[in-house]
Every structure is written in structure tokens, then in C-alpha cells.
Amino acid sequence: MANAALSRTQGQLAVTCEDAIVQVRDIGKNYGDVEALRGINLEFQRGKLTTLLGPSGCGKTTLLKIIAGLVPASSGEICVNDKVVTGPGPERAFVFQDFALMPWATVMRNVGFGLELRGVPAIERNRVARRYIEQVGLAGFEEKYPHELSGGMRQRVGIARAFAVNADVLLLDEPFSAVDEQNRRKFQEDLLRLVDLEKKTFIFVTHSIEEAVYVSDRIVLLSPRPGRISQVIDPMIDRTASPDDIRRDAGYLNTVEEIWQGLRQYAE
Amino acid sequence: MPSSPGRARSRMQAIVSHTKLNDAAGALKAPPTPGQALQSFAENRRSFWIILSLAVLFAAWEIAGLVPISFAFPKFSETVLAFVEMVADGTMIYAYFLTLQPLVLGVLISAVVGIGLGIAMGLSNKIEWLLAPVFIVLQAAPMAALVPLVTFIYGIGLTAKTLAVVMLALPVIVLNSYKAVRHVNPSLVDMCRSFQGTRKQQIFKIIIPDASPVLFAGLRLGIAAGFIGVMLAELLITPTGIGDLITYHRSVANYGHMYASVASIIAVSTLTLAGLQYFETNVLRPEKRRK
Ligand SMILES: Nc1ncnc2c1ncn2[C@@H]1O[C@H](COP(=O)(O)OP(=O)(O)OP(=O)(O)O)[C@@H](O)[C@H]1O
Ligand SMILES: [Mg+2]
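Residues numbered from 1 in each chain as written. Chains lettered and ligands numbered in written order. Predicted model: local features only at pLDDT ≥ 70, side-chain atom pairs only at ≥ 80, totals over all residues. Heavy atoms only, no water.

Looking at an unreviewed UniProt entry, one finds chain A named ABC transporter ATP-binding protein and attributed to Rhizobium deserti.

Rendered as C-alpha cells:
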């Protein structure tokens, strides 16, 4: 655990970093009487993968949707590229927990939908869509409909759609929760490959400690409701090693253990 | 379910021996057992089951007419002959010419206005507050009781009959369209917003396509209600068209002709609804076509 620039403002942990692309400033969120988030101060570094990890119901999806501009915050503000944003924008793309694919549209149309909404001509958007369909490993499925695909394949369509609009920041809400353990590992490796290839900023939500440690540059742990930042961990994993070596690496295992100890207090 | 195929097969063979289908001979040549072959044939051809069930129904009708269960109940064969006669002498065709006018007009008005109002209610809370109570009352009201009132206001012409169709069809279509829009997957709407879709794109590219199965279900119910409306109008307002055929042949105890008229309107209504369903699955929702 190193390099995390931590400070405390009004007793709350605040995370800053150099070259932040997304800044979350003092965000709070109430759903009626339910206080979902309180005093979140958090910066996301450009080109890195930051994971939000925490117990179910702690407000991870809420925070991600506030960053996406899909849910209004009750207090505080979000800056992207140093500009305050109040709604969705072209520099952010969202990957939904439940895929959000149009059942009446082919894989091709689903992947190109972000471009279709922007008025990109069909030939151009199909060319881009085809490229990303191939990149997520779905070549040959262009003309299939979502119900003809497995859960994992559907999620890849969602990921390809987010890539196709060429946003700087990708927001992924538990993208692998519908996938079995073997495929999950494969997807995590694919994701790391895409992170490497695309040079984008990723904000990733997951339940899985192992997954978080394996894929993240930084992990932000949230406490149960109301969600607050409870801990920040930079796993510092050597990703040039083979996936199996990484999963046996002492540093990896220690980090998993450290997070588990951190979360355990909430489980009891 | 390891035991069910065997049981299903013996049932198949029972059907073969009863109805002496010629296909059974063809099925015997195939490598799988004849029962299996017939079973897969039956599964693949929905029309097989439709024809079989109609055959059973008509056979039962014929027998009931032979018994007879009532002096006013004609045999199936008598009814068919009466039907052929009425088509041949043009009375049936002229009757449909009269009946279809208020029906088609009323259904078109109800479909356009109903889907439009329903979608508007689904999209806007203000419109919902304004209109939802009206249509909920209208749908609950026994419309047949109101049909005679229409004659007081609009007389006995095409307007009154069209209005009767609209009164029955419109509330169903409005309320189903409204429900369809309200049950659109919110995650798809969020998805459209996250890619900066405009409100117009949201409505035309997400909400209406996602609502279309329920919209169409409402339209089918509305058309079925429209058939009820037109028959009520023709029986209660003034006897014209098919309603007139039914009333007239009953009064002269021509039961074969009366039943032929009744059966024909049922057939027309069923075929219309089936056609609409076919149109929906094959034209509007291509993903439904590939099973
Ligand atoms: N639309 C809403 N209306 C009311 N309460 C909500 C709404 N969305 C979320 N909440 C509440 O806010 C809290 C945080 O929800 P959120 O979905 O962000 O949690 P999460 O961390 O993503 O959980 P999970 O890991 O189970 O997905 C929960 O207690 C939830 O009940
Ligand atoms: Mg969630």
C-alpha cells in the first residue's frame, strides 16, 4: 500500500492524485430518507483502472451513475477534464450491470448504437462496430440478437458499445457478475489487454476482492451505508508476469488478505 | 423427463390409428420410429394442430346437429351449405361491405387516437393525471348499455355505429399503450441517456420499440372489442350488415343461415387477429422470428 495521496477533510478520507481526469467533490446522495453516500472526495487518475469495492448496498452503483451523470447528486459536484458536468457527456461511457442491450437489435446495431445516436452514417458506424466486436472476441456474431448470446457474451456487447464511442472514461458496473468463474478469469485478462490497448481511464465496480486486486491500479474501499471512503489500496502488481503467476504471487495474496481484513469488520 | 417421450409416442400412434392420416405411411419410411417422426412433424407444424382441433370441433358440431341438441341447432354441413349459398347470391358479401365500414373506420380511429393518447399518458405525468381516470372509468363501464344512447345523439347512421366501435375499442387501446410505455425497461432508457440520446431519439429508438409487444397486445384486444362494438351496433341500433343477416334469418327460422353468419364473423375476427400477430412477429420484431 503506497502512493495513495490521502488526506482528511472534516474527518473523511479524501483521495487526490496528479493528472486527475475525473474529480468527485464532496458528493452526497439521499434517496428520500435513505442516505446512500456521504462526503465522497475522490480523484481518478488518467489512464488508470480504479476499482470501487464495498459491501452490497454501500452505494457503488449510485456513485458510478452520479459520475456518469445518470443520477443527480444531492450535494457536491463532478468534474471531468476540469469542467463541472451535470449530465451524461461524450467523454464518459457506461457499461451496465444488466447489459442494457436492445433485444430487437442485432449485435452490430447494439454496438453501433452510441454512434447511431450521434448521427454517424451507417457505413462508418458499422465499420467501427465491427472492429470492436472483433476486439471483444465476438467476430462472427454481428447479426445475432442478444437472446441468442450467453450472459458473458452479452456483457461483451455492452463493453464493445462503450468502446465504440471512443470515450476517455469507461464506467463499468460489475461487468462480470453474470459470468462463471472460468470465464470470469478469462474476461479479466481480456479487460487488462483492452486497458493496455485502449489507453483509457477505467472506473470499475465489483464485489470480488480477487478481481479488484487482479485488475486494478487503485482500489477504493467504501464503507456500508452511508457509503464513505474507508480505505485506499494500490495493489502494485507486476502485470508482465503470466496470469497464473500473478495469482500465486505473495504480494497479490497479501493484498487480497489485507482487503479482506478491512471488509471483514463490516461483515460481522 | 425420461419417461414422457415414450408416452407421448403411444399417444401419437393412437391419433394415427383414429384419424388414419396418410402422413403416417410417409413417416414409416424415415429412419426414426414412426411415432417420433410424426411427433417432430406435429411439433414443427403448428397448422397440423390447428387443423386437427378444427376437425374435432366441426365433427362435434355435426354430431350435435344430428342428435339434435335443439331444433334451432343446425348441422355443420347445413351451415356450410348455407354459407356457400349466401356467398354465391352476394348477400354475405354485401353484408360485409356494410359491416366493415364502421368497423374499419372505428378501429382505425381508435388505433391512431388510442396509441397516441396512451403513449402521451405514459410519457407525461400531467397528461396521465388528466386522462387516466377517464379511460379507467370508460373501460370499467358496461359499454353495451351505452350503445343505445348513441342513437339518441347520432341517429342510426354510420356515425353512430362507428362511435359504438370506438367506445369499445378506444379505452382498451389507450390503457394498454399507457401501460406499455410505463413498463419500458428503465435501464435501456438510462443507456440511451448515457450516450446523449435526445428525448426524441429516446422515444422513437427505445421507448416505442420496447413497448411495441404490449402496444400490439393492446391493439389486438382493441380490435376484438371493436368486433363486439360493431355487432352490438348492428343488433341494437339498426339491423344492417351481418347483424341484419343474423336477426333476419333467426326471425324466419333459417337456422343454417343464421349460424353461417355468426360463424363467419367469428372467423373474420379470428383471422384478423392472427394476421396482426403474424405481422408483428414477422415485420416488427425480427428477433422473434428465429425461435
Ligand atoms: N432508485 C433508488 N431509490 C431508492 N433507493 C435507492 C435507489 N437506488 C439505490 N438505492 C439505495 O441506495 C443504496 C445504495 O444502492 P446501490 O445500488 O448504489 O448499491 P451497490 O453498492 O451498487 O450495491 P450492489 O453491490 O448490491 O450492486 C441502497 O441501500 C439502495 O437501497
Ligand atoms: Mg450495484
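There's more to say after this.
Here we come to the overall build of chain A. Of the regular secondary structure elements, chain A holds nine helices and twelve strands. Since a compact globule built from 268 residues should have a radius of gyration of about 18 Å, the 18 Å found for chain A is in line with a globular shape. Its C-alpha atoms give chain A principal-axis dimensions of roughly 55 × 45 × 35 Å. Taken across its 268 residues, chain A has 56% of its residues classed as buried. Of the contacts formed within chain A by residues at least 6 apart in sequence, a portion of 69% connects residues at least 24 apart. Surface summary for chain A: the accessible area is close to 11,500 Å², and the carbon and sulfur share equals 47%. Positive and negative side-chain charges in chain A, numbering 33 and 36 respectively, have mean positions lying 4 Å apart. (Helix = DSSP H or I, 4+ residues; strand = E, 2+ residues; numbered from the N terminus. Rg over C-alpha atoms; globule rule 2.2 N^0.38 Å. Buried < 20%, exposed > 50% of the residue type's maximum accessible area, 1.4 Å probe, protein only. Contact = heavy atoms within 4.5 Å. Areas by Shrake-Rupley, 256 points an atom, 1.4 Å probe, with all protein chains shown as cover. Lys, Arg positive; Asp, Glu negative; His and termini not counted. Charge placed at Lys NZ, Arg CZ, Asp CG, Glu CD.)

A separate point is the site of ligand 1. Residue and element names in this part refer to chain A. Taken together, 13 residues lie around ligand 1, and Ser56, Lys60, Thr61, Thr62 and Arg225 are the ones closest in. Backbone polar atom of Gly59 to an oxygen atom of ligand 1: 3.0 Å apart, as the coordinates give it. Burial of ligand 1 by the protein amounts to 63% of the accessible area it has alone, namely 630 Å². When residues in the shell around ligand 1 are grouped by element, the largest group, three residues, is from helix α1 (residues 60–68). Among the residues forming the shell around ligand 1, the class breakdown is three nonpolar, seven polar and three charged. (Near = heavy atom within 4 Å. Polar contact = N/O pair within 3.5 Å; in protein donor to acceptor, adjacent residues only side chain to side chain. Nonpolar A, V, L, I, M, F, W, Y, C, P; charged D, E, K, R; others polar.)

A few words now on the interface of chain B and chain A. Tallying the contact residues gives 19 residues for chain B and 30 residues for chain A. Our count for the chain B to chain A interface comes out at two salt bridges. Connecting chain B to chain A are six residue pairs in polar contact (both at pLDDT 80 or more). For the side of chain B that touches chain A, the elements supplying multiple residues, two or more each, are α10 (186–194), α11 (199–237) and α14 (286–289) of chain B. With seven residues, the single largest contributor to the side of chain B that touches chain A is α10 of chain B. Partitioned by chemical class, the residues of the side of chain B that touches chain A number seven nonpolar, five polar and seven charged. (Salt bridge = Lys/Arg side-chain N within 4 Å of Asp/Glu carboxyl O.)

Right, let's get into the pairing of strand β6 (residues 75–80) of chain A. Residue and element names in this part refer to chain A. Note: strand β3 (residues 20–31) against β6, five bridges, orientation antiparallel. Within the sheet, the bridge partner assigned to Val24 lies in β6 and is Ile78. One ladder, built from three bridges, connects β6 with strand β7 (residues 83–85); its direction is antiparallel. In the strand pairing of β7, Val80 is matched with Lys83. If you look at the hairpin formed by β6 and β7, you'll find two residues sitting between the two strands, and Asn81 has a positive phi there, around 50°. (Pairing = 2+ DSSP bridges.)

Our next topic: the nonpolar core. Counting residues in each nonpolar core, the largest one holds 101 residues, and the members touching the most others are Val22, Val24 and Leu42 of chain A. When sequence neighbours within four positions are dropped, the list of residues in contact with Leu42 of chain A reads Val15, Val22, Gln23, Val24, Leu52, Leu63, Val220 and Ile229 of chain A. (Core = buried A, V, L, I, M, F, W, Y, C linked by side-chain atoms within 4.5 Å.)

All names here are of chain A. You can read the domains of chain A as domain 1 (5–91 + 167–266) and domain 2 (99–166). Here domain 1 meets domain 2 over a buried area of about 1,200 Å², counting both sides, of which 61% is carbon and sulfur. The largest per-residue losses of area from domain 1 upon contact with domain 2 belong to Ala167, Phe187 and Leu194, which jointly make up 31% of the total buried on that side. In this structure, the connection of domain 1 to domain 2 is made through one salt bridge. (Domains from an automatic or database assignment. Buried area = accessible area lost by both parts, 1.4 Å probe.)

This part takes up the sheet that holds strand β10 (residues 201–206) of chain A. Residue and element names in this part refer to chain A. Spatially, β8-β9-β10-β5-β11-β12 is the arrangement adopted by the six strands of the open sheet, whose pairing is mixed. Sheet topology places β8 (92–95) and β12 (229–233) at the edges, where each strand pairs with a single neighbour. Adjacent strand axes in the sheet meet at a mean angle of 15° when their direction is disregarded. Docked against the sheet, α1 engages β5 (49–53), β8, β9 (169–173), β10 and β11 (218–222), running at close to 155° with respect to β9. Along the sheet face, helix α6 (residues 181–198) touches β5, β9 and β10 and points at about 160° away from the line of β10. (Axes fitted to C-alpha atoms, helices over the stretch in contact; angles between N-to-C directions.)

On to the pairing of strand β4 (residues 34–45) of chain A. Looking along a regular strand, one sees side chains alternate from face to face of the sheet. Residue and element names in this part refer to chain A. In this sheet, β4 lies alongside β3 in antiparallel orientation, the contact comprising eight bridges. Along β4, the bridge assignment pairs Lys29 with Leu37. The turn joining β3 and β4, which pair antiparallel and follow one another in sequence, is formed by two residues; a positive phi near 60° is taken by Gly32.

All right, on to the UniProt feature "domain: ABC transporter" (unreviewed entry) in chain A then. Following the UniProt record, the feature "domain: ABC transporter" (unreviewed entry) maps to residues 22–249 of chain A here. Span residues 22–249 of chain A is 34% helix and 27% strand, its end C-alpha atoms 31 Å apart. (UniProt positions renumbered as here; feature names shortened; annotations may be inferred.)

Residue and element names in this part refer to chain B. In contact at an axis separation of 6 Å, helix α6 (residues 91–123) and helix α12 (residues 241–251) are set at 130° when each is read in the N-to-C sense. In terms of their interaxial angle, α6 and α12 are classed as oblique. Residues Thr91, Met92, Ala95, Tyr96, Leu98 and Thr99 of α6 form the contact with α12, whose participating residues are Gly241, Ile242 and Leu245. Broken down by class, the residue content of the contact of α6 with α12 amounts to six nonpolar, three polar and no charged. (Parallel < 35°, antiparallel > 145°, perpendicular 65-115°, else oblique.)

The next point concerns the side chain of Lys161 of chain B. Residues and elements named next belong to chain B. When you line up the elements, Lys161 lands in helix α9 (residues 158–182). No salt bridge forms around the buried Lys161; measuring N to O, its nearest opposite-charge neighbour Glu234 is 5.6 Å away. Each residue touching Lys161, except ones within four places of it in the same chain, is listed here: Pro102, Ile156, Ala233, Ile237, Thr238 and Thr240.

This brings us to the pattern of salt bridges. Close approach of charged atoms lets side chains of opposite charge pair. Counting across every chain of the model gives 15 salt bridges over all chains. Arg38 of chain A is the salt-bridge partner of Glu35 of chain A, the closest N and O atoms lying 2.8 Å from each other. Given the relative accessible area of 26%, Glu35 of chain A is considered partly exposed. Residues joined by salt bridges that share partners form a network here, namely Lys65 of chain A together with Asp190 and Arg193 of chain B.

Residues and elements named next belong to chain A. Its location among the elements puts Glu142 in the loop between α4 (122–135) and α5 (151–164). This buried residue, Glu142, is left without a salt bridge; Arg130 holds the nearest opposite charge, at 4.4 Å. Contact partners of Glu142, with chain neighbours within four places excluded, come to Thr106, Val107, Met108, Arg130 and Ile133.

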